[in-house]
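Spelled out, the chains give:
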Amino acid sequence: MKQRILKLVPLKIKTLLRFVKYLKGIISNYFYDAFRYVIYSSIIMDKDSDEKRLEAMIIKRYHVIEKGLSFPDTRLGFGKIAIIELLNFLEIYKKNNFNIENLSYQSALGSVDEYINFHDTNRFEIEEVIKRYTNINKKHKFNCGGTKELTKDKILNNSQANFEQFSKYRFSIRDFTEEDVNIALLTRAINISTKTPSACNRQTVRVIIVKDKNLIIEAFNIQSGNRGFGHKANKLLIITSDLSYYNGIKERSQSYVDGGMFAMSLLYSLHYLGLGACTLNWAYSFKQDLKLRKIIGIEKTENIILMIIVGHLKNQFKVPISSRKKVEDIIYIK
Ligand SMILES: Cc1cc2nc3c(=O)[nH]c(=O)nc-3n(C[C@H](O)[C@H](O)[C@H](O)COP(=O)(O)O)c2cc1C
């Protein structure tokens, strides 16, 4: 009887009824996420008095410096705001007696040190930076923060080695040759990545290969993390995940997990095939999201996960060191 009545109900009404049925779950679960994010992230919480939040502020700033130093055409006096903010945060960190052996703090010092050397070599005045840095720093640890010189040969040799070496030699690369990246080669990388596991093997991830230079420029006008190197990209890959394959409120974040896992496989596949790549975040407002969808023509059902730029390796280039935390510091055994 119930089935017969349901058959008579128009599709739009059925959808509306389902919406009402799930509304409580949708609101409470999204509210839970929003609450957790607002309370535990650094949006509203004081950053200066909390070692982890302050560490994050330091990492973000010193990464801008490391990145800038790795470009082949680094502009003298670059990163003015980032370096001053970094020094502010380092001073607060030290004043609060937080752990100065911390790798992020040490890497920040290493990056400022290289920033000073770079300007000193090029006889560019940065007096305030030197003065404040000398007051903070006694000595940073060797090979910690700043940039690293790499060669194409070294990357290629290691990209065919055992997994430990392979992984150790995958870097975010932001400097490429002008050589065109063949779509067939990208297709091969994407094909290798299709072996990525996904929730219930639903394989929701799609890869948009953007080869039109004007479209890449338009996309980069919205994405700010490509400043100083985006123009070097030969191809832009946009990773999306199709929401139509997900069901139930409990799967609300699953597209980002599946998309993130696929993206990592793709980075490894590109590395395996001897290409250079760098991830670009898609952490943007809904207005920017709508804008990018319109520019590229992204399906309404697809969530944008992130972007990856790709290019051929130069014979020699620099990368930010991007130091990693000690393994003991990221494991909990319970
Ligand atoms: C989700 C995500 C977003 C990223 N966004 C950017 C970005 O917008 N700009 C950029 O230059 N690098 C970006 N990166 C690259 C990171 O800076 C880089 O992975 C990190 O510093 C570690 O260095 P490595 O990849 O060389 O090991 C991103 C990486 C990830 C995983």
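Residues numbered from 1 in each chain as written. Predicted model: local features only at pLDDT ≥ 70, side-chain atom pairs only at ≥ 80, totals over all residues. Heavy atoms only, no water.

1. Points about the pattern of salt bridges
Alright, step 1. Enumeration over the complete set of coordinates arrives at 11 salt bridges.
Alright, step 2. A salt bridge links Lys 314 to Asp 175; its shortest N-O distance comes to 3.1 Å. Pair noted here: Lys 314 is in the loop between β5 (302–312) and β6 (316–320) and Asp 175 is in the loop between α8 (163–168) and α9 (183–193), with a separation of 139 residues, a long-range link.
Alright, step 3. For Arg 202, the salt bridge goes to Glu 251, with nearest N and O atoms at 2.6 Å. Taken as a pair, Arg 202 in the loop between α9 and β2 (205–210) and Glu 251 in the loop between β3 (235–242) and α11 (254–272) lie far apart in primary sequence, 49 residues in all. (Salt bridge = Lys/Arg side-chain N within 4 Å of Asp/Glu carboxyl O. Helix = DSSP H or I, 4+ residues; strand = E, 2+ residues; numbered from the N terminus.)

2. What to know about the nonpolar core
Alright, step 1. By size, the foremost hydrophobic cluster in this structure holds 28 residues, and its most contacted members are Phe 220, Leu 236, Ile 238, Leu 292, Met 307 and Ile 309.
Alright, step 2. Elements supplying a minimum of two residues to this core: α10 (213–222), β3, β4 (275–281), α12 (286–296), β5 and β6.
Alright, step 3. Ranked by residues supplied to this core, first place goes to α10 with 4 residues.
Alright, step 4. Sequence-distant contacts of Leu 292, that is, excluding residues within four places in its chain, are made with Ala 219, Ile 222, Trp 282, Gly 297, Ile 298, Ile 304 and Met 307.
Alright, step 5. Counting residues in hydrophobic clusters, the runner-up holds 25 residues, among them Leu 54, Met 57, Leu 69 and Ile 83. (Core = buried A, V, L, I, M, F, W, Y, C linked by side-chain atoms within 4.5 Å. Buried < 20%, exposed > 50% of the residue type's maximum accessible area, 1.4 Å probe, protein only. Contact = heavy atoms within 4.5 Å.)

3. Quick word on the site of the ligand
Alright, step 1. If you check the shell around the ligand, you find 15 residues, and the closest are Lys 67, Ser 172, Gly 225, Asn 281 and Arg 324.
Alright, step 2. Within the side chain of His 63, an N or O atom sits 2.9 Å from an oxygen atom of the ligand.
Alright, step 3. Note that an oxygen atom of the ligand is positioned 2.8 Å from one of the side-chain N or O atoms of Lys 67.
Alright, step 4. Among the secondary structure elements, those contributing two or more residues to the shell around the ligand are α3 (51–70) and β4.
Alright, step 5. Considering every element that reaches the shell around the ligand, the biggest residue donor is β4, with 4 residues.
Alright, step 6. For the shell around the ligand, the class distribution of residues is 4 nonpolar, 7 polar and 4 charged. (Near = heavy atom within 4 Å. Polar contact = N/O pair within 3.5 Å; in protein donor to acceptor, adjacent residues only side chain to side chain. Nonpolar A, V, L, I, M, F, W, Y, C, P; charged D, E, K, R; others polar.)

4. Remarks on the sheet that holds β3
Whether parallel or antiparallel, the strands of a sheet pair through hydrogen bonds between backbone atoms.
Alright, step 1. An order of β2-β3-β5-β4 is seen for the 4 strands of this open sheet, with the pairing classed as antiparallel. Each end of this open sheet is capped by a strand with a single partner; those strands are β2 and β4. Ignoring strand direction, the axes of neighbouring strands in this sheet form an average angle of 25°.
Alright, step 2. Relative to the sheet, α9 contacts β2, β3, β4 and β5, its axis offset from that of β2 by approximately 165°.
Alright, step 3. Those strands touched by α12 are β2, β3 and β5, and its axis lies near 60° from that of β5. (Pairing = 2+ DSSP bridges. Axes fitted to C-alpha atoms, helices over the stretch in contact; angles between N-to-C directions.)

5. Structural notes on the environment of Phe 124
Alright, step 1. Residue position: Phe 124 is located in the loop between α5 (103–121) and α6 (127–136).
Alright, step 2. Take Phe 124: its relative accessible area is 36%, and that puts it in the partly exposed class.
Alright, step 3. Setting aside anything within four residues of it in sequence, one finds Phe 124 in contact with Leu 76, Gly 77 and His 119.

6. Remarks on the side chain of Asp 258
Alright, step 1. Take Asp 258: it is sitting in helix α11.
Alright, step 2. Here Asp 258 occupies a buried position and makes no salt bridge, while the nearest side chain of opposite charge, Arg 202, is found at 6.1 Å.
Alright, step 3. Dropping the residues within four chain positions of it, Asp 258 is found in contact with Ser 198, Ala 199, Thr 204, Val 205 and Tyr 246. (Lys, Arg positive; Asp, Glu negative; His and termini not counted.)

7. Digging into the domain arrangement of the protein chain
One frequent convention defines the size of an interface as the accessible area lost when the parts assemble.
Alright, step 1. Annotation of the protein chain at the domain level lists domain 1 (51–146) and domain 2 (149–318).
Alright, step 2. Computed over C-alpha atoms only, the centres of domain 1 and domain 2 are separated by 29 Å.
Alright, step 3. Note on domain 1 versus domain 2: buried area summed over both sides is about 630 Å², and carbon and sulfur give 49% of it.
Alright, step 4. For the domain 1 face of the interface with domain 2, the top three residues by lost area are Lys 67, Ser 70 and Phe 71, together amounting to 59%. (Domains from an automatic or database assignment. Buried area = accessible area lost by both parts, 1.4 Å probe.)

8. Overview of the side chain of Arg 293
Alright, step 1. Structurally, the position occupied by Arg 293 is in helix α12.
Alright, step 2. Setting aside residues up to four positions removed in sequence, Arg 293 forms contacts with Ile 298, Glu 299, Lys 300, Glu 302, Asn 303 and Ile 304.

9. Thoughts on the packing of aromatic side chains
Both the distance between ring centres and the angle between the ring planes are used here to describe each pair of aromatic rings.
Alright, step 1. Scanning all chains against the criterion turns up 10 aromatic pairs.
Alright, step 2. Here Phe 71 and Phe 229 contribute two aromatic rings whose centre-to-centre distance is 5.6 Å and whose plane-to-plane angle is 40°, an arrangement assigned as tilted. Separated by 158 residues along the polypeptide, Phe 71 in the loop between α3 and α4 (80–95) and Phe 229 in the loop between α10 and β3 bring together distant segments of the chain. You'll find Phe 71 and Phe 229 in the same group, each marked buried.
Alright, step 3. Aromatic side chains Phe 166 and Tyr 268 sit 5.2 Å apart centroid to centroid with 50° between the ring planes, which places their arrangement in the tilted category. Highlighted residues: Phe 166 in helix α8 and Tyr 268 in helix α11, separated in sequence by 102 residues.
Alright, step 4. For Phe 166, a relative accessible area of 9% puts it in the buried group.
Alright, step 5. Following the ring pairs from residue to residue traces out a cluster consisting of Tyr 93, Phe 98 and Tyr 105.
Alright, step 6. Sitting over the ring of Phe 229, Arg 174 keeps its end group 5.6 Å from the ring centre.
Alright, step 7. It is Lys 334 that lies over the ring of Tyr 332; its NZ or CZ is 5.5 Å from the centre. (Phe/Tyr/Trp six-rings, centres within 6.5 Å; stacked < 30°, edge-to-face > 60°. Lys NZ or Arg CZ within 6 Å of the ring centre and 35° of its normal.)

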